[in-house]
Amino acid sequence: MKPIACITGASSGIGEATAYELNKMGYRLILLARRADRLTQVVNNIKADGGEVFSAELDVRNQTAVADFFAQLPVEWQEISVLVNNAGLAQGLSKIYEGDIAHWDAMIDTNVKGLLYVTRAVTPGMVARKSGHVINIGSIAGKEVYDNGNVYCASKFAVDALNKAMRMEMAVHGVRVTGIHPGAAETEFSVVRFQGDEERAKKVYEGFENLVAADIADAIGWVVSRKPHVNINDLVIMPQAQAVAGVIIRK
Ligand code: NDP
Ligand code: 8X3
C-alpha cells in the first residue's frame, strides 16, 4: 500500500506544489483547503497524473470540523505517514498601534490554532504506530521580526516554538518533525496579505529572483525522503537576493 501524505492549504501555492511533488514520489494524498473549486482543479491534475486523492473543503480554524474530518476518514485513508501543516496566511502590514484586530485574529486562528487542531487530530495515530513525519511550514518571519510584520511574525515564531516542542515530545515515539522556513516566495501569499490588490502584491517580487512554490516543495520532497534515522530539524530557504527578512537586493 502506498504511504499517505496529508497537506493543509493544498488549493494554491506551496501546498499545491507539494501535492504534485509528493504525488510524483508515490504518496496517496489527503488534500484540504477552503476553496472547493481551486482544490478540485488540483485534485483533477493529480488524478490525470495517475495519483490517488481524498480531498475535502475544510477550514483549519474550525476545531470541530477538523476533529470530525479526521475521525471520519475511511479506514483505508487513516494511516497518515506525512502531515504537511501548510495552511496559513498574512493579513495586512501595519504598525501594531494601528493594527486591524480582525487581521490579527485571522492570522493567529489559522497559523497557530489551525495548525494545532490538525496536529492534535493526526499525530495520535503516528505516535501509536511509532512512525510518521510532521512538516511545519514556518517562515523567515518566524526567525526574524520585520517592520510592520508584528502579528504575522509572532504567529510564525509560535510555529517555530511548536515545531521544536513537537520534536521534543514525539522523537521518543519514532515520529520525525521538521520546520521549513521560506523567505519571499511568489504565490498567492501577497495577494491575500493585501486583500486582493494584485498590483501591490506584484511589487513585492519586482527586481529580484524570488522563490517559487516548487522550490519549497522540492525541499519538502528531500526532507521526507531521508533515511528513517535522519531528521532534518529546520530548513531556512531564502532567495539569494534576500539577505535577511527585511533586506531584498533589487536591480
Ligand atoms: P497561498 O496563499 O498561495 O496559499 C495558502 C494556502 O493556505 C491556500 O491553499 C489556502 O487555501 C490555505 N488556507 C488559508 N487559510 C486556510 C484555512 N483557514 N483553512 C484551510 N486552508 C487555509 O500562500 P503560500 O503557498 O505562500 O502559503 C503557504 C504557507 O507558506 C503559509 O503558511 C505561509 O505563511 C507560508 N509562507 C509563505 C511564504 C511566501 O513568501 N509565500 C514565505 C514563508 C512562509 P484556501 O484559501 O482555499 O483555504
Ligand atoms: C512570508 C515571508 O518575509 O514575505 O512568510 O513575510 S515574508
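Remember, it's a predicted structure, so these values are computed and weren't measured experimentally. (Residues numbered from 1 in each chain as written. Chains lettered and ligands numbered in written order. Predicted model: local features only at pLDDT ≥ 70, side-chain atom pairs only at ≥ 80, totals over all residues. Heavy atoms only, no water.)

Focus on the overall build of the protein chain
Along the protein chain, the regular secondary structure elements total eight helices and eleven strands. Radius of gyration (C-alpha) of the protein chain: 17 Å, near the 18 Å computed for a compact globule of 251 residues. Expressed along its principal axes, the backbone C-alpha trace of the protein chain runs to roughly 50 × 40 × 35 Å. Sorting the 251 residues of the protein chain into buried and exposed places 48% on the buried side. Considering only contacts within the protein chain whose residues lie at least 6 apart along the sequence, 71% involve residues at least 24 apart. Put simply, the protein chain shows about 11,900 Å² of open surface, and 53% of that area lies on carbon and sulfur atoms. (Helix = DSSP H or I, 4+ residues; strand = E, 2+ residues; numbered from the N terminus. Rg over C-alpha atoms; globule rule 2.2 N^0.38 Å. Buried < 20%, exposed > 50% of the residue type's maximum accessible area, 1.4 Å probe, protein only. Contact = heavy atoms within 4.5 Å. Areas by Shrake-Rupley, 256 points an atom, 1.4 Å probe, with all protein chains shown as cover.)

Some details on the pattern of salt bridges
Pairing is possible between side chains of opposite charge, provided their charged atoms come close. In the structure shown here, the tally under the stated rule is eleven salt bridges. Between Asp109 and Lys113 there is a salt bridge, with its nearest N and O atoms 3.6 Å apart. Placement of the pair is Asp109 and Lys113 together in helix H4 (residues 101-129), with a separation of four residues, close to one helical turn. Between Asp160 and Lys143 there is a salt bridge, with the nearest N and O atoms lying 3.1 Å from each other. Taken together, the residues Asp160 in helix H5 (residues 150-170) and Lys143 in the loop between strand E5 (132-137) and H5 connect sequence positions 17 residues apart. Note on Lys143: relative accessible area 27%, which makes it partly exposed. Overlapping salt bridges, with partners in common, bring together Lys143, Asp160, Lys164 and Asp234 in one network. (Salt bridge = Lys/Arg side-chain N within 4 Å of Asp/Glu carboxyl O.)

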